[in-house]
Amino acid sequence: MTEPVQLVDSLERIEGEGLASIEAAGSLEELEALRVRYLGRSGDLAGMLSRIGQAPAEDRRAIGQAANTAKRRLQEAHASRQTALERAESVGVAQADLTMPGRRAWEGGVHPVTRVIDEILEIFRELGFSKVRGPEADPAADMWDTFYLADGVVLRSHTSPVQARIMETHEPPVRVVVPGLCYRRDPFDPTHAPAFEQIEGLAVDEGIDFVEFRSTIEHFVHRFFGRETTARFRPAYFPFTEPSAEVDVSCHMCGGSGCSTCKGTGWIEIMGSGMVHPAVFEAVGYDPERYTGYAFGMGSARIAMLRYGIPDIRLFYEGDARFLAQFR
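The sections below set out a description of the structure shown in this document.

**Side note on the pattern of salt bridges**
Thought 1: The full count for this structure, using the stated rule, is 17 salt bridges.
Thought 2: Across the salt bridge formed by Glu 206 and Arg 290, the nearest N and O atoms sit 3.0 Å from each other. Of this pair, Glu 206 sits in the loop between strand S6 (195-205) and helix H7 (210-225) while Arg 290 sits in the loop between helix H8 (278-284) and strand S10 (292-299), and the two are 84 residues apart along the sequence.
Thought 3: Classification of Arg 290 as partly exposed rests on a relative accessible area of 46%.

**Topic: the packing of aromatic side chains**
Thought 1: A complete count under the given rule lists 16 aromatic pairs for this structure.
Thought 2: For the ring pair Phe 124 and Phe 296, a centre distance of 4.9 Å and an interplane angle of 25 degrees mean the geometry is stacked. You can see Phe 124 sitting in helix H5 (residues 112-126) and its partner Phe 296 sitting in strand S10, a full 172 residues away along the chain. Comparing Phe 124 with Phe 296 shows no difference in burial state: the two are buried.
Thought 3: Measuring from ring centre to ring centre gives 6.5 Å for Phe 220 and Phe 225, while their planes differ by 75 degrees; the resulting arrangement is edge-to-face.
Thought 4: Here the aromatic cluster, defined as three or more aromatic residues joined through ring pairs, consists of Phe 124, Phe 129, Phe 220, Phe 224, Phe 225 and Phe 296.
Thought 5: Sitting over the ring of Phe 224, Arg 307 keeps its end group 4.0 Å from the ring centre.

**Let's talk about the sheet that holds strand S1 (residues 130-131)**
Picture the strands of a sheet paired through backbone hydrogen bonds; they go either parallel or antiparallel.
Thought 1: The strand order across the open sheet built from seven strands is S1-S5-S6-S10-S9-S8-S7, with neighbouring strands paired in mixed fashion. Each end of this open sheet is capped by a strand with a single partner; those strands are S1 and strand S7 (231-238).
Thought 2: Alignment of strand S9 (residues 267-276) against S10, held across four bridges, turns out to be antiparallel. Counted as the bridge partner of Gly 272 is Gly 297 from S10.
Thought 3: Against the sheet, H5 makes contact with S1, strand S5 (174-183), S6 and S10, and its axis sits at roughly 5 degrees relative to S6, the strand it touches most.
Thought 4: The strands touched by H7 are S5, S7, strand S8 (241-250), S9 and S10; relative to S9, the strand with the most contacts, the crossing angle is about 150 degrees.

Here is what the cut-offs are and how they apply
- Residues numbered from 1 in each chain as written.
- Predicted model: local features only at pLDDT ≥ 70, side-chain atom pairs only at ≥ 80, totals over all residues.
- Heavy atoms only, no water.
- Salt bridge = Lys/Arg side-chain N within 4 Å of Asp/Glu carboxyl O.
- Helix = DSSP H or I, 4+ residues; strand = E, 2+ residues; numbered from the N terminus.
- Buried < 20%, exposed > 50% of the residue type's maximum accessible area, 1.4 Å probe, protein only.
- Phe/Tyr/Trp six-rings, centres within 6.5 Å; stacked < 30°, edge-to-face > 60°.
- Lys NZ or Arg CZ within 6 Å of the ring centre and 35° of its normal.
- Pairing = 2+ DSSP bridges.
- Contact = heavy atoms within 4.5 Å.
- Axes fitted to C-alpha atoms, helices over the stretch in contact; angles between N-to-C directions.

In structure tokens form, the structure reads like this:
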């Protein structure tokens, strides 16, 4: 038979050691290990409780009460220390955050090319132009600069087919701007991309002349680039306009004096344009003796490069959050 006094002494010893160890626990992990050691199913207290049956019957009640008291005190001490450690850990995290530089969460933003497209469309909306869109896959006109999807079907290399669709289905007056993706077999280099955003414009009505055409383009240049920017029109050739012109703007980097950006010329090309050829009107059923008009087209990414001083068009395609964060 085990002496009752020995069992009580052992219970008191376990209780004392457990309370001291729990109070000294320095982490939640250490505290959990002590819980398992003293209060777990195979712990010290459980081992003592299993020996109560060896004591005399008349002493078991007193020993059981002592065991329950030890268990309760250990559980209370454990709960109290756990709360204190959790609070200290929480405060420690908050204090640590206050000593570190703040980490700004990533915020979504509008892509710089999309910003430019929206701004251009708004300028022409103020002039009475409507935004229209068309399919990116169209019947093929020839074998030049195209990505074929099937026989006779290509990814468009410009948005001009939308202009034709509008004229075939709408009577003048027509004033539209056509944003959209275009595809060409261009190398992916600092100034070219095989898929790019383009904006074309078309105006058709009675009495439209070159003076109105030029005034419209100059208004756009001043609204978008600033009143200090000068526009010039250089004679050019495009198959669907006559006369045709390349539109340049004075270099914003050097003010027109010449630099590496403008290759020493003082000018930067922004679009092709011209008065719509009478043959185009005949093809869509418009009377070329009654109606005149003008058309223009520009690459949105290249305009964005000018606006933001970006040297490489490929930066627009890489999805680098550090680059995009500059345009929020």
